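# Commentary on secondary and tertiary structure
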Amino acid sequence: MSRNLLWCIPALLIWLGTQVSPAEFPPAAFAIFLCPFVVLASLGWLSAALYQQKWYAFLFPFAVLLLFYSFISVFFLANFPKEVTARERTLKVVNFNASLFRKPGILRGDYHFPSAHPEALEMKLWLVRKQADILCLQEFFDDPFNPVFSNVADLRQHGGYHCYFAANPTYKEGRNTGIAIFSRYPMINKGEIFNENGFNRAIFADIVVHTDTFRIINAHLHSMQLGEQRTLQAYLQRIARGAAIRTGQSRLLLQFVASSPYPVVLCGDFNDMPGSYVYRQFSQHLKDAFTETGQGFGGTLNHPLLFFLRIDQQFCSPGLRPLRYSVHRELKASDHFPVEVEYGW
């Protein structure tokens, strides 16, 4: 009995950590990273108890799994696509962190040679051929003087899109990085919600689809940038600080969503795992498109070990109905995979 309690108490503390804002209690930022280990250990413990027919021992891991059900229920799913009703209109939205289209250094000798940038051309061609109604792109790069990276002009010309590009001029001669919304439908309003550093920011555009108006929000929450750290203490401090910053950014976004006169689709690279404090703030007020109609892990990172992590999300207002959810793993040019959701109303 004492061994069982020794396991349940740490599990309870970890669960409590996921309920606390990292902005108020920084150690809570680490709780979400421990949740998968708690669930896997509890499943192993449960299996052993059943195999040995120790029914009293079965109760403890079962109780832990019930406690962590909210984490399990958003981590792995087995939904099926929903049928479109006869009177239902649809809107296809693609969310994609383009990793700056894998641009090289501007001073590199082959910067202006198309053959030297197959990944950039692959991404742009994929976006044009996908023919989504809305594109929400993070880590976007545009160089109007380079045929490979003239992404705004090419998506407008070949994709038929209207564009709102919130640019952060970082180079000379018109080269820009930033975040962008492309829409096949007219934009009647657009603007910025917050801008942390030109790289992590959130923007919106109000679009008119036939006779209905929707607010599209594209957000790129605070990045970890863990590769810059060389010590364990620096890593931990970066994780705690990042979670606190994203908590503040999520509050700004939710305040903006609450004030919207139109139904909202919120897309972005949230840099946070499902079940985290930041994730739950959004899922408590909006529908998570993945939990409505996604399958499997829904992982969006193009990484051999972290393939199961879903940090790129799409949420929507209750009046919209997610019909289909796809992670396009066939496009491997970025370190993220595109997420496509079809909405009905």
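One structure accompanies this document, and this report is about it. Keep in mind that this is a model prediction, so the values were computed, not measured. (Residues numbered from 1 in each chain as written. Predicted model: local features only at pLDDT ≥ 70, side-chain atom pairs only at ≥ 80, totals over all residues. Heavy atoms only, no water.)

## Things to note about the overall build of the protein chain
- Broken down by element type, the protein chain carries 9 helices and 14 strands.
- With the C-alpha coordinates aligned to their principal axes, the bounding extent of the protein chain is approximately 70 × 55 × 35 Å.
- The burial tally for the protein chain puts 54% of its 345 residues in the buried class.
- Within the protein chain, counting contacts between residues at least 6 apart in sequence, those at least 24 apart form 69% of the total. (Helix = DSSP H or I, 4+ residues; strand = E, 2+ residues; numbered from the N terminus. Buried < 20%, exposed > 50% of the residue type's maximum accessible area, 1.4 Å probe, protein only. Contact = heavy atoms within 4.5 Å.)

## Things to note about empty space enclosed by the protein
- Under the counting rule described, the total for this entry stands at 3 cavities of 30 Å³ or more.
- Of the pockets and cavities examined, the largest cavity occupies roughly 120 Å³.
- Contributing to the lining of the largest cavity are 16 residues, with Pro22, Ala29, Ile32, Ser276 and Tyr277 lying nearest its centre.
- Secondary-structure elements contributing two or more residues to the lining of the largest cavity are helix H1 (2-18), helix H2 (31-52), helix H7 (232-258) and helix H8 (277-283).
- Partitioned by chemical class, the residues of the lining of the largest cavity number 11 nonpolar, 3 polar and 2 charged.
- As for the second largest cavity, its lining consists of Trp15, Thr18, Gln19, Cys35, Leu67, Phe68, Ser70, Phe71, Gly275 and Arg280.
- Secondary-structure elements contributing two or more residues to the lining of the second largest cavity are H1 and helix H4 (69-75).
- Here the lining of the second largest cavity is built from residues that sort into 5 nonpolar, 4 polar and 1 charged. (1 Å grid on protein atoms, 1.4 Å probe; cavity = no way out; pocket = protein on both sides within 12 Å on 5 of 7 lines; lining within 4 Å. Points joined across faces, edges and corners; volume = space filled by probe spheres on them. Nonpolar A, V, L, I, M, F, W, Y, C, P; charged D, E, K, R; others polar.)

## Some remarks on the packing of aromatic side chains
- Per the counting criterion, the structure on display carries 19 aromatic pairs.
- On the numbers, 6.2 Å between centres and 55 degrees between planes, the contact of phenylalanine 75 with phenylalanine 308 is tilted. Separated by 233 residues along the polypeptide, phenylalanine 75 in helix H4 and phenylalanine 308 in the loop between strand S11 (295-296) and strand S12 (312-316) bring together distant segments of the chain.
- Here phenylalanine 75 falls in the buried class, since its relative accessible area comes to 14%.
- Measuring from centroid to centroid gives 5.6 Å for phenylalanine 140 and phenylalanine 182, while their planes differ by 55 degrees, and the two rings are tilted. Pair noted here: phenylalanine 140 is in strand S3 (residues 134-142) and phenylalanine 182 is in strand S5 (residues 176-183), with a separation of 42 residues, a long-range link. Note on accessibility: phenylalanine 140 and phenylalanine 182 belong to one class, buried.
- Taken together, Phe71, Phe75, Phe76, Phe297, Phe307 and Phe308 form an aromatic cluster joined through their ring pairs.
- Lying over the aromatic face of tyrosine 161, arginine 184 brings its terminal NZ or CZ to 4.7 Å of the ring centre. (Phe/Tyr/Trp six-rings, centres within 6.5 Å; stacked < 30°, edge-to-face > 60°. Lys NZ or Arg CZ within 6 Å of the ring centre and 35° of its normal.)

## Notes on the packing of H2 against helix H3 (residues 55-67)
- Where H2 meets H3, the axes come as close as 8 Å, and the angle between the chain directions of the two elements is 160 degrees. In terms of axis orientation, H2 runs roughly antiparallel to H3. Handedness of the crossing formed by H2 with H3: left-handed. Counting all contacts with H2, which are made through Val38, Val39, Ser42, Leu43, Trp45, Leu46, Ala49 and Leu50, the residues of H3 involved are Trp55, Ala57, Phe58, Phe60, Pro61, Phe62, Val64 and Leu65.
- Residue composition of the contact of H2 with H3, grouped by class: 15 nonpolar, 1 polar and no charged. (Axes fitted to C-alpha atoms, helices over the stretch in contact; angles between N-to-C directions. Parallel < 35°, antiparallel > 145°, perpendicular 65-115°, else oblique. Left-handed = near helix turned anticlockwise from the far one by under 90°.)

## Quick look at the sheet that holds strand S7 (residues 201-209)
- Taken in spatial order, the 6 strands line up as S6-S7-S8-S9-S12-S10 in an open sheet, and their pairing is mixed. The open sheet terminates on both sides in strands that have one partner only, identified here as strand S6 (187-195) and strand S10 (287-288).
- The pairing of S7 with strand S8 (residues 212-220) spans 8 bridges and is antiparallel. If you follow alanine 202 over to S8, its bridge partner there is alanine 219. (Pairing = 2+ DSSP bridges.)

## So, the pairing of strand S9 (residues 264-269)
- Burial runs high along S9: 6 of the 6 residues are buried.
- Residue alternation in S9 divides its side chains into two sets, Val264, Leu266 and Gly268 and Val265, Cys267 and Asp269, and both sets are buried.
- The pairing of S8 with S9 spans 6 bridges and is classified as parallel. When the bridges of S9 are listed, asparagine 218 appears paired with cysteine 267.

## Some details on the pairing of strand S2 (residues 90-97)
- For S2, the buried fraction is high: 6 of the 8 residues fall into the buried class.
- Relative to strand S14 (residues 339-344), S2 runs antiparallel, the two sharing 6 bridges. Considered in S14, the bridge of lysine 92 is made with glutamate 342.
- Of the pairings in the sheet, the one linking S2 to S3 comprises 5 bridges and is parallel in character. From the neighbouring strand, asparagine 97 faces S3, where its bridge partner is glutamine 138.

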